[in-house]
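So the chains spell out like this:
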Amino acid sequence: MVDEEVFDQALGDVFVARVAGNFANTDIVASMEYACKVAGSKLIVVLGHEGCGAVKAACDGVELGNITALLANIQPAVNAVKSSNESPHNSENVEFVNATIVENVNHTITQIRNMSPILAELEDAGDIAIKGGVYQLASGEVSWL
Ligand SMILES: [Zn+2]
């Protein structure tokens, strides 16, 4: 399923910046700045998903090629939920993984605001909104945070 289908939009209606584990880095934030400041997008959705393999790998501390650096972006969320969730702190603990998926979305939204004065200003002025959600694979629904 592509992102347009999740939101019942036509192809081309959604400006998609996709990365495994839905985190923010310079390139992703720049794409969002372009979408909102230049192309006129009104809504940024940070969309995690149920059963995310990248989040699971971060929970397991996987080290593999360039994936190691990618997973480092998700590690702050893993560390944040460790204190409030019971062991084991790995991908076999579904509650731990689910909490990390939610935390990673919230952390990413904070990152976007911190990394981009342009987007923070647009949001403060009410010109854009930034929302987080988790896509549920089984139902096809988005749980908004
Ligand atoms: Zn994923």
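Presented here is a report on the structure given in the accompanying data block.

Thoughts on a nonpolar patch on the surface
Working step 1: On the surface, Phe15, Tyr34 and Val38 cluster together into a nonpolar patch covering about 320 Å² of accessible area.
Working step 2: Of note, tyrosine 34 is situated in helix α2 (residues 26-38).
Working step 3: Assessed through its relative accessible area of 44%, tyrosine 34 is described here as partly exposed.

Some remarks on the nonpolar core
The nonpolar side chains of a soluble globular protein tend to be buried, and buried together.
Working step 1: Residues Val55, Cys59, Ile74, Val78 and Ile101 are the most contacted members of the largest nonpolar core, which totals 15 residues.
Working step 2: Contributing elements (two or more residues each) for this core: α3 (53-59), α5 (75-82) and α6 (94-115).
Working step 3: Looking at this core element by element, the count peaks at five residues for α3.
Working step 4: Residues in contact with cysteine 59, not counting those within four places in the same chain, are Val78, His89, Asn90, Ser91, Phe96, Val97 and Thr100.
Working step 5: Grouped together as the second largest cluster of nonpolar side chains are 14 residues, Ala24, Met32, Cys36 and Val105 included.

So, how was this worked out
- Residues numbered from 1 in each chain as written.
- Predicted model: local features only at pLDDT ≥ 70, side-chain atom pairs only at ≥ 80, totals over all residues.
- Heavy atoms only, no water.
- Patch = residues over 30% accessible without salt bridge, like charges linked within 9 Å, V, L, I, M, F, W, Y side chains within 5 Å.
- Areas by Shrake-Rupley, 256 points an atom, 1.4 Å probe, with all protein chains shown as cover.
- Salt bridge = Lys/Arg side-chain N within 4 Å of Asp/Glu carboxyl O.
- Helix = DSSP H or I, 4+ residues; strand = E, 2+ residues; numbered from the N terminus.
- Buried < 20%, exposed > 50% of the residue type's maximum accessible area, 1.4 Å probe, protein only.
- Core = buried A, V, L, I, M, F, W, Y, C linked by side-chain atoms within 4.5 Å.
- Contact = heavy atoms within 4.5 Å.

Function-wise, these values are silent; they only describe arrangement.
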